[in-house]
Amino acid sequence: MDAVSVYKPQNKIRFVTATSLFDGHDATINIMRRILQSSGAEVIHLGHNRSVDEVVNCAIQEDVQGIALTSYQGGHIEYFKYIYDLLKERGAGHIKIFGGGGGVILPHEIKELQDYGIARIYSPDDGRHMGLQGMINDMMRQCDTPITSHLNGEMKYLPKKR
Amino acid sequence: MVENYPSNAGFLTELKKITNKEIPVLGITGTGGAGKSSLVDELVRRYLMETDKTLAIISVDPSKRKTGGALLGDRIRMNSINSPRVYMRSLATRQANLALSKYVQEAIDICKAAGYDLIIVETSGIGQSDTMITDYCDLSLYVMTPEFGAATQLEKIDMLDFADIVVLNKFDKRGALDALRDVKKQYKRNHQLFDAKDSDLPVFGTMASQFNDPGMNSLFVALIKTIKAKTGVDFRTKNEMVGEDAEKSYIIPPDRTRYLAEIAESSAAYNEWVDAQCKIAQQLFQVKGVMELTAPPKPSPEGRALKANQKVSPTGGDLEGALQDIYTHLEESLDAECRKLLREWPQTIETYKADNFIYKVRDKEIKQPLYYTSLSQLRVPKISLPKYEAWGDVLRWLLTENVPGEFPYAAGVFPLKREGEDPTRMFAGEGGPERTNKRFHYVSLGQPAHRLSTAFDSVTLYGEDPHLRPDIYGKIGNSGVSIATLDDAKKLYSGFDLCHAATSVSMTINGPAPMLLGFFMNAAIDQQCEKYIIDHKLEHLVEAAFKANYDDKKLKRPHYGATDPTLPEGNSGLGLMLLGLTGDQVLPADVYAKIRAHAISTVRGTVQADILKEDQAQNTCIFSTEFALRMMGDIQQYFISEKVRNFYSVSISGYHIAEAGANPITQLAFTLSNGFTYVEYYLSRGMNIDDFAPNLSFFFSNGIDPEYSVIGRVARRIWAKAMKNKYKGNDRAQKLKYHIQTSGRSLHAQEIDFNDIRTTLQALYAIYDNCNSLHTNAYDEAITTPTEESVRRAMAIQLIINRELGLAKNENPIQGAFIIEELTDLVENAVLAEFKRINDRGGVLGAMETMYQRGKIQEESLYYETLKHTGEYPIVGVNTFLNKNGSPTIIPSEVIRATEEEKQYQISALEAFKHRNESRAPQLLKNLQKTAVAGENIFESLMEACKYCSLGQISHALYEVGGQYRRNM
């Protein structure tokens, strides 16, 4: 496979990375976050065993464009959909969700999750075809958007927010 | 936003207007690796407990100049920030060589505008720009460690001029008190406080990594006071924390941290001694030979027969006498133990020529045949002995190999394998307890011995209860069984007599191991109560207890099966009579106590409970490592006082280390070093080596590498040598017993049929190496949850080797092979060399602090992946010998998962359990916490709590007194 060149983003891109709840398999996410970093992203790494609430809270507080998660322990359908729902519920539907879980996530499940609104679930085949950098480039490209440039009148709520 | 659009001036001016100037800003900075994020987390935890105020944290980490990327890694260490009262924002510096982002002031302003009561700004400790932080904050805190080098180094630290508070974290490091004194001296100089008392200086020693560290308490109290003094803001903390000097409760006492080097040294000393002794024995043998050659011929009837030997007989002098002198001298210099071994050797040979071997186990005489007759009527020996004649060779074999059952146990720790019990252990765990119970009965139907291996779902592995919340719900009963209560445990093992000599249960659980063990023990006790009730016809008492505890309270009695109460084939129903009750609710206290004592001293099995390898490789830690270790010690202490002889309190595991990518040498070295760490810890708690060492067991992975052919031999020998020579343990303590699981990592998702071949070879390694227990993986495990068909095939692998394979009828088939002996020495030396490397890092716990083990495992994993990728490491059907379709990855059409019905049933059963015990649980949990705080044996009160509290309830109660696990990068 030819060496894939690193995608050069227009914007500062921030990601939250973690593995799913009750899941200690952190080898993959550690590799992915390193490549994200070396591709110029600012990565807030949460490590393994993180609940949806923790990930979503962090993503909102940290103003990220994307969340990258791995799930090797099953329950991925519920986990990813819940992330999506909770982000939307808390007004952060713009944050994109990426995931992977090796062979644990079956092809029809990948389709189900992407149809639901998950930006992309990478399969082992994707890994073979795109390469690691290729997958990271894909994530960076999809997240290469400004965070916000105007406040939309939210200013007046600031003192009330706790 | 302020980071990205600095020119949006209108927004910033507006912001300034609503900024509340009264809000204190605390700046925290310090050297890298000083433990700042743990320290901040511990401050936050105390702040949330002691006040009802809110808090914002702004944490700044450096951007990489080359890539522009950044790792904002503070959150991973933070356990207390997921609270509605805490906001945290990580900033990358986005500029080179500076510790702060340009936009810190704006970020502070936003937090002030948002009305947070306290703002913490934490900066990275790189470069010389630490003091920049003081421009932004009202007061500052500087974090360092005692390891700053010579006191003159302190003169270079600018922050000692500026900081309001100085913290020496990691106060357990060597020379901490001297460091504290030096820093205080420097602080006095810098602040012209020459008359100040040392104790009044704002310099603190802390151990943020230690739960509820008194030094941290002191720091917190001082911090709140300083904030008041400097800004006038009073946080009115609830109940003033008791501040004391930081005091480390050491796991391994500081003067014992060289244990691994000592083990390596003692092994080397033994080897040298063996060499010297064998040399003497060999010389003795040679002298004896010469004496025989030169002995004067016996007078023959012919008077003078010329014998060949007379030709070489030197003339003159008293040769015979001289040889005799040499012989006597050599014999005296030979160790008495070696003399005895050589003297008894001919007898040993005779013993193994007999038809049967007779030995004693705990005063019970056991007689087992020593020969197997093949179809060709050949008598094949179970134990084959060397034909060595020279004493040096015989002695070396006895000192480094020996027959199975004799020190140093190279070939095995028992003289012969147990009869009527294959070392087959079968793994099961999926769905609810009923489904797994059914699987257990399926795999053990018709087997004389029931060796059950339990896999728990990840909810259970992390100590939580099933719940409807989607991120929990999705994992209930997947890739393991869901167990949250004593009721669940009773259903899971129903129909197996847990106190029967042929039943043995292993539980793959680590973080919440104490609770699961509590459930298991209580289930075993109640089974015995049930048998007593039936024997004494006391069923009416059970009925009365059900009436009082359920019917009268309008509660539904718990039952087996979500909808279908039918028991699977083979399940007698034992253990279900008291489902929902405990024996002490039915039987008189004295009867119950007696049954209880008998049950827990009789049950056979293993609980994994190996917390060290969890931190190194597997990541299912839930409590702080220190607290988890303390509970392991409590369990072991409990086992000793309750005379639990047949249950292993820990399964010291290399399996997960190997699965995470470690090579076999690293697997063995890390696992044994973890084992010796438990030994040192238990010894430091005052336990006797002979009392606890027999309760330790080991668990290794067997892959396909050459080292795996001797992994058991090396493990047994290193352990035995250390136990005998260094720890002075008795022979039971010297015997290392271990379970093998074939390597899951060596199974591939391509050409999955080939996987059984790999497993077979690995199983053969294990059986030839005399493992005490074995699990063979199913070929489809790489892609899915094994089916009944694939599990049956996996079981057949073992049965074919054990029952059909002729050579396996012999029990020491690899002893005496040159390569095996050489590999054993090579691997042993490599393991001991690794011991020294770990020792140089402060022992196992010291090495873990710098994540040495994790790093090494990751490195080795990468090495394997690279060779696999390039094809240098051939894997048939994966990177070579592909079929005409290119051997594609097999994707299963459907994976076995827990059903909705099972999940819902688990949740409703748990709710019913909690509801019926809601009056009892709080008090039991409080007792449990009290025991923990008082430093008493936690497991004793845990045994009670397990009767009426759920797993999640207990975990959360213990977090409050023992601390949660802090993740590592």
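Criteria and cut-off values
- Residues numbered from 1 in each chain as written.
- Chains lettered and ligands numbered in written order.
- Predicted model: local features only at pLDDT ≥ 70, side-chain atom pairs only at ≥ 80, totals over all residues.
- Heavy atoms only, no water.
- Helix = DSSP H or I, 4+ residues; strand = E, 2+ residues; numbered from the N terminus.
- Rg over C-alpha atoms; globule rule 2.2 N^0.38 Å.
- Buried < 20%, exposed > 50% of the residue type's maximum accessible area, 1.4 Å probe, protein only.
- Contact = heavy atoms within 4.5 Å.
- Areas by Shrake-Rupley, 256 points an atom, 1.4 Å probe, with all protein chains shown as cover.
- Buried area = accessible area lost by both parts, 1.4 Å probe.
- Salt bridge = Lys/Arg side-chain N within 4 Å of Asp/Glu carboxyl O.
- Polar contact = N/O pair within 3.5 Å; in protein donor to acceptor, adjacent residues only side chain to side chain.
- Axes fitted to C-alpha atoms, helices over the stretch in contact; angles between N-to-C directions.
- Parallel < 35°, antiparallel > 145°, perpendicular 65-115°, else oblique.
- Left-handed = near helix turned anticlockwise from the far one by under 90°.
- Nonpolar A, V, L, I, M, F, W, Y, C, P; charged D, E, K, R; others polar.
- Phe/Tyr/Trp six-rings, centres within 6.5 Å; stacked < 30°, edge-to-face > 60°.
- Lys, Arg positive; Asp, Glu negative; His and termini not counted.
- Pairing = 2+ DSSP bridges.
- pLDDT = per-residue confidence, 0-100.

What follows is about the overall build of chain B. Check the secondary structure of chain B and you find 34 helices and 21 strands. Relative to the globule expectation of 30 Å for 969 residues, the C-alpha radius of gyration of chain B, 33 Å, shows essentially globular dimensions. In terms of its C-alpha atoms, chain B occupies a principal-axis envelope of roughly 130 × 80 × 70 Å. Here chain B holds 969 residues, and the buried ones make up 58% of them. Restricting to contacts in chain B with at least 6 residues of sequence separation, those with at least 24 account for 78%. Split by element, the accessible area of chain B, about 40500 Å² in all, is 53% carbon and sulfur.

Where interface size is given, it is often the accessible area lost as the parts come together that is meant. Counting from both sides, the interface comprises 60 residues of chain B and, opposite them, 55 residues of chain A. Of all residues in chain B, the largest losses of buried area upon contact with chain A belong to Arg 75, Lys 475 and Arg 967 of chain B, amounting jointly to 12% of the total for that side. Taking the shortest distance from any N to any O, the salt bridge between Arg 89 of chain B and Asp 63 of chain A comes out at 3.3 Å. Between the two partners, chain B and chain A, sit 31 residue pairs in polar contact (both at pLDDT 80 or more). For the side of chain B that touches chain A, the secondary-structure elements that each account for two or more residues are α1 (9-18), β3 (70-72), β4 (86-92), α13 (458-461), α14 (470-473) and α30 (852-870) of chain B. By residue number, the principal contributor to the side of chain B that touches chain A is β4 of chain B, which donates six residues.

Okay, the packing of helix α7 (residues 259-294) of chain B against helix α11 (residues 391-400) of chain B next. Residue and element names in this part refer to chain B. In the contact formed by α7 and α11, the axes pass within 7 Å of each other and the chain directions differ by 155 degrees. The angle between the axes of α7 and α11 places the two elements in the roughly antiparallel class. When the axes of α7 and α11 are compared, the crossing they make is right-handed. For the pair formed by α7 and α11, the contact residues are Tyr 270, Trp 273, Val 274, Asp 275, Gln 277, Cys 278, Ala 281, Gln 282, Leu 284, Phe 285 and Lys 288 on the first element and Trp 391, Gly 392, Asp 393, Leu 395, Arg 396, Leu 399 and Thr 400 on the second. Tallied by class, the residues present in the contact of α7 with α11 amount to ten nonpolar, four polar and four charged.

This part covers the packing of aromatic side chains. Residue and element names in this part refer to chain B. Tallied over the entire structure, the rule returns 34 aromatic pairs over all chains. Centre to centre, the rings of Tyr 638 and Phe 939 are 4.9 Å apart; their planes meet at 75 degrees, and the pair counts as edge-to-face. Of this pair, Tyr 638 sits in helix α20 (residues 625-641) while Phe 939 is found in helix α33 (residues 938-948), placing the two residues 301 residues apart along the sequence. There is no split in this pair, since Tyr 638 and Phe 939 are both buried. Feature note: the residues Phe 676, Phe 698, Phe 700, Trp 719, Tyr 727, Tyr 738 and Phe 835 constitute an aromatic cluster, connected by ring pairs.

Time to look at unusual backbone geometry. All names here are of chain B. With an omega of 0 degrees, the peptide bond between Phe 407 and Pro 408 qualifies as cis. On the secondary structure map, Pro 408 appears in the loop between α11 and β13 (426-428). Backbone geometry places Arg 236, a non-glycine residue, at a positive phi of 45 degrees. Relative to the helices and strands, Arg 236 resides in the loop between α6 (214-231) and α7. Non-glycine residue Ala 609 carries a positive phi angle of around 45 degrees. Mapping Ala 609 onto the fold places it in the loop between β16 (605-607) and α19 (611-618).

With that settled, consider the side chain of Asp 144 of chain A. Residue and element names in this part refer to chain A. Mapped onto the elements, Asp 144 comes out in the segment after α5 (124-142). One buried charged side chain, Asp 144, makes no salt bridge at all; its nearest oppositely charged neighbour is Arg 141, positioned 7.9 Å away. Among the polar contacts listed, one links the side chain of Asp 144 to the side chain of Tyr 7, at a separation of 2.7 Å. Beyond its immediate stretch of four places on either side in the chain, Asp 144 contacts Tyr 7, Lys 8, Pro 9, Gln 10, Asn 11 and Ile 13.

Bringing the pairing of strand β6 (residues 139-144) of chain B into the picture now. Residue and element names in this part refer to chain B. Of all the six residues making up β6, six are buried; the element is thus mostly covered by neighbouring parts of the structure. Neither face of β6 is exposed, since Leu 139, Leu 141 and Val 143 on one face and Ser 140, Tyr 142 and Met 144 on the opposite face are all buried. Where strand β1 (residues 25-30) lies against β6, five bridges are found, and the strand directions are parallel. Bridged to Ile 28 within β6 is Leu 141.

Spatially, six strands are ordered β5(A)-β4(A)-β3(A)-β1(A)-β2(A)-β3(B) in an open sheet, and the strand pairing comes out parallel. Each of the sheet's edge strands pairs with one partner strand only, and the pair in question is β5 (120-122) of chain A together with β3 of chain B. Ignoring strand direction, the axes of neighbouring strands in this sheet form an average angle of 20 degrees. One ladder, built from five bridges, connects strand β1 (residues 14-19) of chain A with strand β2 (residues 42-47) of chain A; its direction is parallel. Counted as the bridge partner of Thr 17 of chain A is His 45 of chain A from β2 of chain A. Packed onto the sheet, helix α3 (residues 76-89) of chain A meets β1, β3 (66-70), β4 (96-100) and β5 of chain A and runs at close to 170 degrees relative to β4 of chain A.

Here we come to the sheet that holds β4 of chain B. Residues and elements named next belong to chain B. Here we have seven strands laid out as an open sheet, ordered β4-β2-β5-β1-β6-β7-β8, and parallel in their pairing. Edge positions in the open sheet fall to β4 and β8 (203-205), since each of these has one partner strand only. Within this sheet the neighbouring strands show an average axis-to-axis angle of 20 degrees, counted without direction. Bridge analysis of strand β2 (residues 55-61) against strand β5 (residues 119-123) gives five bridges, and the strand direction is parallel. Note on β5: the bridge partner recorded for Ala 56 is Ile 119.

With that out of the way, let us pick up the pattern of salt bridges. For the structure shown, the criterion picks out 63 salt bridges over all chains. As a salt-bridge pair, Asp 234 of chain B and Lys 228 of chain B come within 3.7 Å of each other at their nearest N and O atoms. Classification of Asp 234 of chain B as partly exposed rests on a relative accessible area of 29%. Among the salt bridges present, the one from Asp 552 of chain B reaches Lys 547 of chain B, with a minimum N-O distance of 3.1 Å. Asp 552 of chain B sits in the partly exposed class, given a relative accessible area of 46%. On the accessibility criterion, Lys 547 of chain B (45% relative accessible area) is partly exposed. A cluster of three or more residues bridged by salt bridges with shared partners is formed by Arg 14, Glu 42 and Glu 62 of chain A together with Arg 75 and Arg 94 of chain B.

Bringing the confidence of the model for chain B into the picture now. Mean pLDDT for chain B: 92, with 94% of residues reaching 70 or above. Of the regions scoring below 50 in pLDDT, residues 305-313 of chain B engages in six contacts with residues more than four places distant in sequence or in other chains.

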